[in-house]
Amino acid sequence: MIDFLRGIVSHVELEYVVLDVRDVGYRVFTPNPYALAKREEPATLYIHHSVREDAILLYGFATREEQTLFRKLLEVSGIGPRVALGILAGGKPETVIAAIQQENITFLTKLPGIGKKTAQRMILDLKDKLAGIASDAAVLSAAGAYLEPDLFQSGSGQGAGTAWEEAREALAALGYTAAELDRAWHGLQQTVIPEETVDSLMKRALQQLFKG
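Quantities reported herein were computed from a predicted structural model and do not represent experimental measurements.

Re the overall build of the protein
- Of regular secondary structure, the protein possesses 10 helices and five strands.
- A burial count over the protein gives 46% of its 212 residues as buried.
- Within the protein, contacts between residues at least 6 apart in sequence are counted, and of these 56% link residues at least 24 apart.
- Accessible surface, the protein as shown: approximately 10800 Å² in total, 50% of it carbon and sulfur.

The structure is reproduced here in structure tokens:
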């Protein structure tokens, strides 16, 4: 099984990067491709190697903490790789862990792809299984800062409950500033369609942030 890959990012797409490892290109699905590494720069990705009857897939993460949490999330009924990637795209490991341990359903349901029932299952299945993934200090810091209600006040002027509001909140949890998110929205708003999903907006916003 592949544990990690180290190489040059040769291509970046919305859902994956292509990592050139000694002239072999590995397609690696990752939470935030455009935030992870710039094209033609070296990167190390910690890998979850998935072998199915119909496919062999690689999922890559910038840290061991993300890799471990991804695997824990897959243990929850109803959470597959795509949803688990969305969760990690929407919050740092210590933030997600703090939310689960504090049974903060409000925060969890703002992560891409997570409804109330899935959030409840996450808490039930994982609350006592996440110790040691991230440092206690980081989790406590997340509990005191990232999970404050002000996190969800976007200030963008858009209507509450829109897909962009939710995408913005998730991106704020990743550490992007209000100014950066306003700039991303400025580049997106002319092309947003009514039925566009939160996941789609997050990915396109990350493209804008990557360009900036």
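Still more ground to cover, so stick around.
Things to note about the sheet that holds strand β2 (residues 16-21)
- Pairing within the closed barrel is mixed, and its five strands lie in the order β1-β2-β3-β5-β4. The average undirected angle you get between the axes of adjacent strands in this sheet is 55°.
- Relative to β2, strand β1 (residues 4-12) is paired through four bridges, and the arrangement is antiparallel. Among the inter-strand pairings, I8 is bridged to a residue of β2, identified as D20.
- Across the sheet, helix α2 (residues 64-73) lies against β1, β4 (42-51) and β5 (56-61), angled at about 15° from β4, the strand it touches most.

Observations regarding the nonpolar core
- With 31 residues, the main nonpolar core has L69, L73, I79, I87, L108 and M122 as its most contacted residues.
- Among the secondary structure elements, those contributing two or more residues to this core are β2, β5, α2, α3 (81-90), α4 (93-101), α5 (105-108) and α6 (116-126).
- Those residues in contact with L69 that sit more than four places away from it in its chain are L88, P93, V96, I97, L130 and I133.
- One finds V12, V17, A170 and L206 within the second-largest nonpolar core, a separate group that totals 30 residues.

Concerning the environment of V76
- Looking at where V76 falls in the secondary structure, it is placed in the loop between α2 and α3.
- Judged by relative accessible area, V76 falls into the buried class, the value being 1%.
- Spatially, the C-alpha atom of V76 lies 9.4 Å from that of I123, the residues being 47 residues apart in sequence.
- Among all residues touching V76, those that are not within four sequence positions of it are R121, M122, D125 and L126.

A few points about the pairing of β2
- Counting buried positions along β2 gives five out of six residues, so the element sits mostly inside the fold.
- Between β1 and β2, which pair antiparallel in sequence order, lie three residues.
- Taking the residues between adjacent antiparallel strands as the criterion, β2 and strand β3 (residues 24-29) are bridged by two residues, where R22 takes a positive phi near 55°.

Some words on the layout of surface pockets
- One number sums up the size of the largest pocket: a volume of about 320 Å³.
- Taken together, 18 residues make up the lining of the largest pocket; nearest its centre are E15, R82, L85, G86 and K203.
- Looking at the lining of the largest pocket, the elements with two or more residues in it are α3 and α10 (198-211).
- At five residues, the largest contribution of residues to the lining of the largest pocket is made by α3.
- Considered class by class, the residues forming the lining of the largest pocket number 11 nonpolar, three polar and four charged.

Criteria and thresholds
- Residues numbered from 1 in each chain as written.
- Predicted model: local features only at pLDDT ≥ 70, side-chain atom pairs only at ≥ 80, totals over all residues.
- Heavy atoms only, no water.
- Helix = DSSP H or I, 4+ residues; strand = E, 2+ residues; numbered from the N terminus.
- Buried < 20%, exposed > 50% of the residue type's maximum accessible area, 1.4 Å probe, protein only.
- Contact = heavy atoms within 4.5 Å.
- Areas by Shrake-Rupley, 256 points an atom, 1.4 Å probe, with all protein chains shown as cover.
- Pairing = 2+ DSSP bridges.
- Axes fitted to C-alpha atoms, helices over the stretch in contact; angles between N-to-C directions.
- Core = buried A, V, L, I, M, F, W, Y, C linked by side-chain atoms within 4.5 Å.
- 1 Å grid on protein atoms, 1.4 Å probe; cavity = no way out; pocket = protein on both sides within 12 Å on 5 of 7 lines; lining within 4 Å.
- Points joined across faces, edges and corners; volume = space filled by probe spheres on them.
- Nonpolar A, V, L, I, M, F, W, Y, C, P; charged D, E, K, R; others polar.

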